[in-house]
Each structure stands twice: as C-alpha cells, then as structure tokens.
Amino acid sequence: MSSNINRDTFNQVMVPNYSPMASIPVRGLGSRVWDQQGREYIDFAGGIAVNALGHSHPELVQALKEQAEKLWHLSNVWTNEPAIQLAQSLCTKTFAGRVYFANSGAEANEAAFKLARKYAYDHFSADKHEIISCVNSFHGRTLFTVSVGGQDKYREGFEPVPAGISHVPFNDLDALEAAISDKTCAVVIEPIQGEGGIMPASKAYLMKARELCDKHNALLIFDEIQTGVGRTGQLYAYQAYGVTPDILTTAKALGGGFPVGAMLTTEPIATALNIGSHGSTYGGNPLACAVANKVLSLIDSEEVLNGVEKRHQIFIEQLRQLNKTAPVFSEFRGMGLLLGCELQPAFKGKARDLLQLALEHGLMLLIAGPDVIRMTPSLIIPEEDIHQGMQRFTQAAEQFLQQQ
Ligand SMILES: *Cc1c(COP(=O)(O)O)cnc(C)c1O
C-alpha cells in the first residue's frame, strides 16, 4: 500500500489546511523516526509536545494492547474503570477535585469556557459572562476557542464569533487590572504561551491574576495543554509557579500520542456542569484512558521529572555552543523541555527556512510563529540523541547562514 502513496497524493485527497513536509514518516522508536525511504530523523518536535515518552514506548504499547483486548468503547451511558482511575490519579496529583474528559485540547478548553459561563450564570447572573484572555494566546481551533485565543489570523473569515470576550497584553498586570470587572466570569492564561512564541508568564503576573479573580469572583483558568504532564519539569507548570487555578486544561502529552484531553476543577465549581449540561461521545474512552494512566504513572516519577531539568541544561548549553559556531539566535526561552529560540532580528520571518534545512539534515524541529524555533522533544530523550540532534542542528544553522 505505502509504495503508491506519497506527498502528492496528499494534495489530491486532503483539504488544503495543512502543508506537511515532503517526506512521510512511517515508523518511530524512542526519539528516532524513519520515513518511507528509510531516512532517519532525530525528533526534537515530539508531535508538538505530545510524544512525551517518545515513539512506541513499550509500556504504552502494552497498555494499549491490553485494553484493546478487553474493551474499546462504551460511551458515557456507562462509565469504565480506566476513566475513573485516571480521574482519581489526576485529583490525587493536582489541586483538582473533579475531572471532565474530552478528546483534544480545544474540547477541554471548550468545556472550561462553558463551565466558567455556567458557573457565573448559576451563582451570579447572566451578565457575568465576560472572558478575558491574552493577546497572542492559543486555545484551540473550535469557534469558541479561536474567539478566546488572542491571534486574529485564526478568527478572520469565521465571524461572527461568540461575544463577551476581550484580550489584554500578556504579562501586563495593569492591563489585566483595568480590564477585569464584576462582569468577568473567567480569566484564561497559558503559564507559558506556546504557539505565541514560548513566552513564560512572570510569577507576579499569575499571582496578580489570582488576586484579581478572587476579588471579582471570576474563575482563573490555566490552559496547560502544552505546559502540562511534566513538560516544565513539574507535573503541571502551576506547581512550579506556586499559583493555583480554579480550572486547568490538559491534553497533548496526557495520552503520549493517543488523543485525550481533560478539564480539571474543584468540586464546588464542577457542580455547575450538572446532568445533561455538557458531554462527549468519546470523552473518557477506555482505550485513551488506559494509555493516559500509564503515561501519567511513568512521567510522575522523580526520575523522569528530574531528568527534564537535566536535559534542559544540556539543551541550553549546546544551543549556546551552536550559537557560537553559527550565530543565528538572539535569545533562548522556556522551561524544562519547552524551548524557544528567537532568531536574530536580521533573520526575522525565516524560522521555517531553518526548520526545512534541519529536516534535510535529519532533524525534526517546530516553529512557534515566524521568528522562533521551538523544541518539545520526548521528556526521556537519550543524551546521545540530544548530542547528535544538536550536531545536525548546527550543520543546518551553518548552511542557513551561508544562504543569507
Ligand atoms: C495545542 C494547544 C491547544 C489545542 O489542542 P488541540 O488538541 O489541538 O485541540 C490549546 N491550547 C494550547 C495551549 C495548546 O498548546
């Protein structure tokens, strides 16, 4: 089958909303991936912060197979053991008292935003429906989540969008204070803006947001879809910041590659999503939850979480080295294994060119906007793969410079 499928076939049968790379990967193991032609790549992209335990992790494969042989799906007319177990461990490991399962990040956010509105409607009034979000934030691609997201390009052409949403500059304490009122039902923040260029929130900003939400009876929502499940070296970034939200959304790494999302909240807030108020056919599906249970138990260990910080240091050290050999970057940002490399002003808009060159040298990278190279590798990427990947990256950066 694979022999007569190629990148041109994609153009013939797919809606043209993506523009994937020319080669088609067919196999992965750990932090290495092979394409149809047998070319090998080192994976610093990790499926956009999803493959947190690399490709084909034997224990995840085992968990998936075991559950597949027992029970795949029932719908939420019945509950299932893996879903209850997963909710139980998310509650044990975080501030949460209640969990809602979805199949993606956008769906988890959709549930969070609906819950915030419903909670305010139940406890205050229909007037208290305003949602404050940040400029350049990203919260998913459904109509509600692109509306809350702070990037115009994802909304353009899809209007009219839901009302009652405003955007304030990220990390600006005064702007948030000026925007919030008793009509605000929720403030939504990514502790580190991912798609927006790997921009960490300041601790003072998150603390101020917490204080302002308490003052105005608004819920604080942290979108940890990219920062969660060990990415920053803590299970969730809010734990590193020491600021606790009322609602947290998690997806991406939660399933290690199997689609699953979750919205975490406290018991008193959860009551607003009463019977019949919201739902999903697949959310909490036993296959997804069985895999996520295994992901969570493997990642929430000292070995893996401490390893994230150790690998962070190696990456930063080697990136500085790369930048001496081939000075292309002006700044390195991020926490743990959520890393952003800002291109020098002279190379503005050329992140995709560098990514393309890296691919030609056998390295998978990501971008976060036109000026930033993003890396979200496996949390357990072997040191040897980091070293080899950085060698390939250096060669790509040198070639990039020659082409300027
Ligand atoms: C990826 C992402 C989403 C959307 O998740 P999907 O699974 O693509 O719907 C939402 N918020 C943040 C911060 C993300 O990084």
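What you see is a predicted model, and the numbers here were worked out from it, not measured in a lab.

### Examining the overall build of the chain
Within the chain one finds 14 helices and 17 strands. Judged by the C-alpha coordinates and their principal axes, the chain covers about 60 × 55 × 45 Å. A buried classification covers 53% of the 404 residues belonging to the chain. When contacts within the chain are restricted to residue pairs at least 6 apart in sequence, long-range pairs at least 24 apart make up 71% of them. Across the chain, the centroid of the 33 positively charged side chains sits 1 Å from that of the 42 negatively charged ones.

### What about the layout of surface pockets?
Taken as a whole, the second largest pocket spans an internal volume of roughly 630 Å³. Residue lining of the second largest pocket: 26 residues in total, with Arg 98, Val 99, Tyr 100, Phe 101 and Leu 273 positioned closest to the centre. Mapped by element, the contributors of at least two residues to the lining of the second largest pocket are helix H4 (81-93), strand S4 (98-102) and strand S12 (261-265). Residues belonging to the lining of the second largest pocket are distributed by class as follows: 11 nonpolar, 14 polar and 1 charged.

### Focus on the pattern of salt bridges
All told, the structure shown has 16 salt bridges when counted by the stated rule. Measuring nitrogen to oxygen at the nearest pair gives 3.1 Å for the salt bridge that ties Glu 40 to Arg 32. With a relative accessible area of 13%, Arg 32 lands in the buried category. Residues participating in the shared-partner salt-bridge network are Arg 32, Glu 40, Asp 385 and Arg 392.

### With respect to the domain arrangement of the chain
Per the domain assignment, the segments of the chain are domain 1 (7-57 + 302-402) and domain 2 (71-299). Using only C-alpha atoms to locate each centre, domain 1 and domain 2 end up separated by 27 Å. The interface is formed by 25 residues belonging to domain 1 together with 25 residues belonging to domain 2. Between domain 1 and domain 2, roughly 2100 Å² of surface is buried when both sides are summed, and carbon and sulfur atoms account for 67% of that area. At the boundary of domain 1 with domain 2, the tally comes to 1 salt bridge. Partitioning the side of domain 1 that touches domain 2 into residue classes produces 16 nonpolar, 7 polar and 2 charged.

Reading guide: rules and limits
- Residues numbered from 1 in each chain as written.
- Predicted model: local features only at pLDDT ≥ 70, side-chain atom pairs only at ≥ 80, totals over all residues.
- Heavy atoms only, no water.
- Helix = DSSP H or I, 4+ residues; strand = E, 2+ residues; numbered from the N terminus.
- Buried < 20%, exposed > 50% of the residue type's maximum accessible area, 1.4 Å probe, protein only.
- Contact = heavy atoms within 4.5 Å.
- Lys, Arg positive; Asp, Glu negative; His and termini not counted.
- Charge placed at Lys NZ, Arg CZ, Asp CG, Glu CD.
- 1 Å grid on protein atoms, 1.4 Å probe; cavity = no way out; pocket = protein on both sides within 12 Å on 5 of 7 lines; lining within 4 Å.
- Points joined across faces, edges and corners; volume = space filled by probe spheres on them.
- Nonpolar A, V, L, I, M, F, W, Y, C, P; charged D, E, K, R; others polar.
- Salt bridge = Lys/Arg side-chain N within 4 Å of Asp/Glu carboxyl O.
- Domains from an automatic or database assignment.
- Buried area = accessible area lost by both parts, 1.4 Å probe.

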